[in-house]
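Each chain, letter by letter, is given below.
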Amino acid sequence: MSESEIVELLDVTSAVWSPFYLSLYENLVNRNGLLNFFHDHLRQAVEKKYLSDAEAKRNGYLRLANFFVSKETSNRTVEELPFLLTRANEFDRLKTTVSDLDVFYRLSDNEDGIFELVKAWKTLGGFALSGEAYMSALAKVPKSVIMENVPYYCKLYRNLGKFFLKLGLMEAAKTVYKTLIKQLEMNFGESHGTIVYDPFSQSWEYRCKHPDVITGLHDLGTVYRQLGEYDKAVTVYNDAINRQNRIRSPSQKLQLCEGLLGLSTVYIHKEDMFEAKILMTRALELATFVLGKKHHFVAAILTKLGQLSYKQGRVDEALAYYMQDLKVTRSEVGTNHPRTAVVLNEIGLVYDDKNDVMAGQLYEAALSIILETYGNNYLGTGSIRYNLGAFYFGTNHFEKARFQFTESYKIHEMFLGDNHPDTVAVKEALNTVSAMIKTK
């Protein structure tokens, strides 16, 4: 808590607080204005004396929660309330809090806040409840209120869509993105109009080409791809690309690249590798023209081409693409950037296919970078742990494999739930290695 929050909570005068604070000053640490104990042994001593049992701790959490509830909703209050209400076992109040659209709006603006939302909904009984709660809350917002604050609600829709995508709530994400696109087209249709040819009606149609509408269409295409509705995904991506029929600025050209890359991913799922490579190559040429060869966005396209080659079994070609990306990425953002970890993980997959022990070192290096950046509670961490576990399993290091699979399963189950295909795959791997250890 901040110094002012502590003083207000304790209801003490400065004459009492100041000498007390000065006597403790060297044993406290100030991080961005929030005070905490500098040494863990002091924290433990205070906990033992004043919060010696579960009921005392619950009451302490409840008191803090009530303090923050009494304040006007702000970024500061929402970052504390989910944790405090959970620890106080105030689950009805927790649900009311995280179901609030303004609370969601604030928390969903950064990774730490998203993780608090994920933990809260998991505690409350599952991610499906979040979809029901937020869609119900949106339905109750009068259209007049939305029209009075369009930028706020457009960002809210966008954040909800990303959140639902992360949790695998595709139907909810689809509804949100459709609503977002409709709202944006109403706002910018007159100022950002264009004429495109509709092959289905075989006629020319008036469409909105505002950059936010194009991004919304890209996101909707991603949802259709995740749902396995590939033809609809192709239609949406092509719609977005066709609306960009007069591109002049660098940002417009890069947005076209994103559409081409999204469409190429759909074609990979449709097993049309030839069309996918044409689209990726076109995106690479355009991005290189705008940004030059030594930009991380260009390098990321090289990795996508590598992934395509890898899927086709051309592992040496894939490795060549990855190494080009790694060279650019390291020079652009350094060796300890999460983007570098992504490339190292991809290179690890190639070496794994070659049965080269270098794969394990690459996975470990990638994991170290991701842990340093995001910590263990991040879906990307779970993916790399799964790959490292598979490597250990293949090299008969079963205990190490079990540890990585266990950690990976915890992360996948936290973010995606038990029934997601990726979670099921990790669980099966964990069960397999556990059974082998048991029979040894």
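Higher on the page you've got the structure.
On a predicted model such as this, the values are computed, not experimentally measured, just so you know. (Residues numbered from 1 in each chain as written. Predicted model: local features only at pLDDT ≥ 70, side-chain atom pairs only at ≥ 80, totals over all residues. Heavy atoms only, no water.)

Caption draft 1: Molecular detail of the packing of aromatic side chains. For the coordinates displayed, the defined rule picks out 18 aromatic pairs. Plain terms: the ring middles of tyrosine 61 and phenylalanine 83 are 5.9 Å apart, the flat faces sit at 85° to each other, and that makes the pair edge-to-face. With a gap of 22 residues between them, tyrosine 61 in helix α4 (residues 54–69) and phenylalanine 83 in helix α5 (residues 75–87) connect regions that are remote in the sequence. Looking at tyrosine 61, the relative accessible area reads 22%, which means it is partly exposed. Using a relative accessible area of 31% as the deciding quantity, one classes phenylalanine 83 as partly exposed. When the ring of tyrosine 134 is compared with that of phenylalanine 164, the centres are 6.5 Å apart and the planes differ by 45°; the resulting orientation is tilted. With tyrosine 134 in helix α9 (residues 128–139) and phenylalanine 164 in helix α11 (residues 150–167), the pair connects residues that are 30 residues apart, well separated along the chain. The same class applies to tyrosine 134 as to phenylalanine 164, namely buried. Over the aromatic face of tyrosine 409 sits the side chain of lysine 427, whose NZ or CZ is 4.8 Å from the ring centroid. (Phe/Tyr/Trp six-rings, centres within 6.5 Å; stacked < 30°, edge-to-face > 60°. Helix = DSSP H or I, 4+ residues; strand = E, 2+ residues; numbered from the N terminus. Buried < 20%, exposed > 50% of the residue type's maximum accessible area, 1.4 Å probe, protein only. Lys NZ or Arg CZ within 6 Å of the ring centre and 35° of its normal.)

Caption draft 2: Quick look at the packing of helix α6 (residues 91–99) against helix α8 (residues 111–124). At a closest axis distance of 10 Å, the pairing of α6 and α8 adopts a crossing angle of 135°. The orientation of α6 relative to α8 falls into the category oblique. The two elements α6 and α8 meet at a crossing, and its hand is left-handed. Of the residues in α8, those touching α6 at Phe91, Leu94, Lys95, Val98 and Ser99 are Leu117, Ala120, Trp121, Thr123 and Leu124. Looking at the contact of α6 with α8 residue by residue, the class counts come to seven nonpolar, two polar and one charged. (Axes fitted to C-alpha atoms, helices over the stretch in contact; angles between N-to-C directions. Parallel < 35°, antiparallel > 145°, perpendicular 65-115°, else oblique. Left-handed = near helix turned anticlockwise from the far one by under 90°. Contact = heavy atoms within 4.5 Å. Nonpolar A, V, L, I, M, F, W, Y, C, P; charged D, E, K, R; others polar.)

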